[in-house]
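# Understanding the architecture of this molecule
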Amino acid sequence: MINLLSLDLQGMEALFAELGEKPFRARQVLKWIHRRGAADFAAMTDIAKDLRAKLAAAAAIEPPLVVGDGAVPDGTRKWLLKVDGANAVEAVFIPEDGRGTLCVSSQAGCTLDCAFCATGKQGFNRNLSAAEIIGQLWLANGALGCHAGGPRAVSNVVFMGMGEPMLNLDAVIPAARLMIDDNGYGLSRRRVTVSTSGVVPGMDRLAAECPVALAVSLHAPDDALRDRLVPINRKYPIRELIGACNRYLERAPRDFITFEYVMLDGVNDSDAQARALLGIAAGVRCKFNLIPFNPFTASGFKRSPPERIKRFAEVLQRAGLTATTRKTRGDGIDAACGQLAGDVSDRTRRGKSVPITELRA
Ligand code: SAH
Ligand code: SF4
């Protein structure tokens, strides 16, 4: 039984061709599922009964199961979604003035093990399917009242939940295509952001197949420190990463790269380190987004003090760069960046964490 949530327009048209149906029917069904939130073929009233029966025999619309739903007064809401018997992932909705951002997960766990990330510490189980990724948006829209005719709550999607999206592009690309398709969620290309720790071949593939907005987790101004904080740097060092950023921008000429930079007290937050970033920024069209570190049990790091973050931002700003600081949201439900842990049945038996003494420069 095929899960129709997994199909972008191309996939849906291929299925309808197999069923001997016209392509416009595929668009109709996409709209029913993603724009109106239909989970049941019986609801699709402008589709002939015999086609509905054919679909019901061959396919289903199956989102992940919501097993947890928490909200805090700032409006942030977090769902825990069971994707199979052993794994659950998290999605977070963050309302702000004039927009609503949904942060989605792309994997159950993560293989990359960045030093400061709760997801990484938890190990890895598997890639999510396209249906499990788009299902997070489908469920959020339903929970936020949009399927019932309410206003569209999710205006932006960021792939900043659990997992490394560039290591699961076979599922991330169809999901992102549905997000920007007018028959799907109709979001503009710039309102869908894929965040990567710097998986260079993935960046090139995404540029070629679905060039949405790109955020890159930089976190250090030099390879020596980045090797320790973001271990994938050993494979794709900063020079190669910047090359990939520039190739990406060729596909998206009016865009810029957002460099994410987690502020870790005494590790990567000095004035000298801010100045060293200017050298990197000179080579690529970019903006900086400083993320105050969000602590989790036994992380071994501390958040930089607010004055330090302000000062760090000023060094960048005085050189003419745009540097914003991310507001910390979702306190109390562990819904902030890097705190998403869900429930992952680790297959890597990573378990151990690196002592802080090894991480300090
Ligand atoms: N794997 C992707 C996307 C998910 S993480 C990536 O690494 O880019 C989204 C962002 O949260 C990344 O910039 C990541 O480095 C950052 N992050 C991870 N752990 C964090 C923490 N404890 N506090 C603040 N930001 C964190
Ligand atoms: Fe994986 Fe991103 Fe966490 Fe690194 S920061 S471990 S790439 S989810």
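Above this text sits the structure in question.
First things first, this report covers the structure right here in the doc. On a predicted model such as this, the values are computed, not experimentally measured, just so you know.

## Focus: the pattern of salt bridges
- Tallied over the entire structure, the rule returns 20 salt bridges.
- The partner of Arg205 in a salt bridge is Glu209, and the shortest N-O contact between them spans 3.0 Å. Highlighted residues: Arg205 and Glu209, both in helix H7 (residues 200-209), separated by four residues, approximately one helical turn.
- By relative accessible area, Arg205 is classed as partly exposed at 31%.
- Linking Asp265 and Lys302 is a salt bridge whose minimum nitrogen-to-oxygen distance equals 3.9 Å. Pair noted here: Asp265 is in the loop between strand E12 (257-263) and helix H10 (271-281) and Lys302 is in the loop between strand E13 (286-292) and helix H11 (306-318), with a separation of 37 residues, a long-range link.
- Among the charged side chains, a network of salt bridges with common partners joins Asp84, Arg126 and Glu132.

## A word on the sheet that holds strand E14 (residues 323-325)
- Read from one edge of the open sheet, ten strands run E3-E4-E5-E6-E9-E10-E11-E12-E13-E14, paired in mixed fashion. Of all strands in the sheet, those bounded by a partner on one side alone are strand E3 (65-71) and E14. Here the average twist between neighbouring strands, direction ignored, is 20 degrees.
- One ladder, built from five bridges, connects strand E5 (residues 88-96) with strand E6 (residues 99-103); its direction is antiparallel. Paired with Ile94 across the two strands is Thr101, which belongs to E6.
- Strands strand E11 (213-217) and E12 of the sheet are contacted by helix H9 (residues 238-251), whose axis makes an angle of about 145 degrees with E12.

Cut-off values and rules
Residues numbered from 1 in each chain as written. Chains lettered and ligands numbered in written order. Predicted model: local features only at pLDDT ≥ 70, side-chain atom pairs only at ≥ 80, totals over all residues. Heavy atoms only, no water. Salt bridge = Lys/Arg side-chain N within 4 Å of Asp/Glu carboxyl O. Helix = DSSP H or I, 4+ residues; strand = E, 2+ residues; numbered from the N terminus. Buried < 20%, exposed > 50% of the residue type's maximum accessible area, 1.4 Å probe, protein only. Pairing = 2+ DSSP bridges. Axes fitted to C-alpha atoms, helices over the stretch in contact; angles between N-to-C directions. Contact = heavy atoms within 4.5 Å.

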